[in-house]
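# Coordinate analysis (summary)
What follows is each chain in one-letter form.
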Amino acid sequence: QVQLVESGGGLVQVGGSLRLSCAASERTISNYAMGWFRQAPGKERDFVAAINRDGSSATTADSVKGRFAISRGNARNTVYLQMNSLKPEDTAVYYCAARRAGAYYYIRSSDYDTWGRGTQVTVSS
């Protein structure tokens, strides 16, 4: 089973940017649809962004549309989440997820087979 490790989180001021990375343990990451979710303290895990296997199709949640973008570098076994114009409400633990043989992108957490441990993003005002 593929293993996922997130990185790139940290503390940033309002309006700043961060790029999260999700490194996969397998070179066959191109077989997986990938997604990013986030969970703030005391709240449920929410969908952020998703991308299909070959990167030809992607989507983001309305709350981050126009500010966040998901991309993938299959040759590097990595998926990225570029986050711009960050707001305090973006503060959360961000999780990377993978779905094997996913031909489309998926926005429900139950659609994914494998999860990383998360990386903390804190936006200070």
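Please refer to the structure higher up on the page.
All of the points below concern the structure found in this document.

Rules used throughout
- Residues numbered from 1 in each chain as written.
- Predicted model: local features only at pLDDT ≥ 70, side-chain atom pairs only at ≥ 80, totals over all residues.
- Heavy atoms only, no water.
- 1 Å grid on protein atoms, 1.4 Å probe; cavity = no way out; pocket = protein on both sides within 12 Å on 5 of 7 lines; lining within 4 Å.
- Points joined across faces, edges and corners; volume = space filled by probe spheres on them.
- Helix = DSSP H or I, 4+ residues; strand = E, 2+ residues; numbered from the N terminus.
- Nonpolar A, V, L, I, M, F, W, Y, C, P; charged D, E, K, R; others polar.
- Buried < 20%, exposed > 50% of the residue type's maximum accessible area, 1.4 Å probe, protein only.
- Salt bridge = Lys/Arg side-chain N within 4 Å of Asp/Glu carboxyl O.
- Core = buried A, V, L, I, M, F, W, Y, C linked by side-chain atoms within 4.5 Å.
- Contact = heavy atoms within 4.5 Å.
- Pairing = 2+ DSSP bridges.

## Things to note about the layout of surface pockets
Roughly 160 Å³ of internal volume is contained in the largest pocket. What lines the largest pocket is simply Arg38, Gln39, Ala40, Lys43, Glu44, Asp46, Phe47, Ala61, Ser63, Glu89, Thr91 and Ala92. Among the secondary structure elements, those contributing two or more residues to the lining of the largest pocket are strand E4 (32-39) and strand E5 (45-51). Residues of the lining of the largest pocket, tallied by class, amount to 4 nonpolar, 3 polar and 5 charged.

## Remarks on unusual backbone geometry
One non-glycine residue, Ser85, lies in positive phi territory at about 50°. With respect to the element layout, Ser85 can be found in the loop between strand E8 (78-83) and strand E9 (92-100). Ser85 sits in the partly exposed class, given a relative accessible area of 41%.

## Here we look at the pattern of salt bridges
All chains considered together, the criterion is met by 3 salt bridges. For Asp90, the salt bridge goes to Arg67, with nearest N and O atoms at 2.7 Å. Of this pair, Asp90 sits in the loop between E8 and E9 while Arg67 sits in the loop between strand E6 (58-60) and strand E7 (68-73), placing them 23 residues apart in sequence. A single burial state applies to Asp90 and to Arg67, both of which are buried. A salt bridge links Asp111 to Arg108; the shortest N-O distance between them is 2.9 Å. The class of Asp111 is buried, set by a relative accessible area of 10%. On the basis of relative accessibility, which here comes to 53%, the residue Arg108 falls in the exposed class. Within this structure, Arg38, Arg67 and Asp90 form a network of salt bridges that share partners.

## Some thoughts on the nonpolar core
Counting 36 residues, the largest nonpolar core has Met34, Trp36, Leu81, Met83 and Tyr94 as the members making the most contacts within it. Elements represented by at least two residues in this core include exactly strand E3 (18-24), E4, E5, E7, E8, E9 and strand E11 (119-124). The contacts of Met83, once residues within four sequence positions are left out, are Gly16, Ser17, Leu18, Leu20, Arg67, Phe68, Tyr94 and Val121.

## Structural notes on the pairing of E9
Looking at chain direction, E4 and E9 are connected through 8 bridges and run antiparallel. When the bridges of E9 are listed, Arg38 appears paired with Tyr94. Bridge count for E9 against E11 is 3 bridges, and the pairing is antiparallel. By the bridge assignment for E11, Ala92 is matched with Val121.

## Considering the pairing of E3
The buried fraction of E3 amounts to 5 of the 7 residues, a majority that puts the element mostly inside the structure. Direction of pairing for strand E1 (residues 4-7) relative to E3: antiparallel, over a ladder of 4 bridges. Bridge pairing in E3 places Glu6 opposite Cys22. Here 6 bridges tie E3 to E8, and the two strands are oriented antiparallel to one another.

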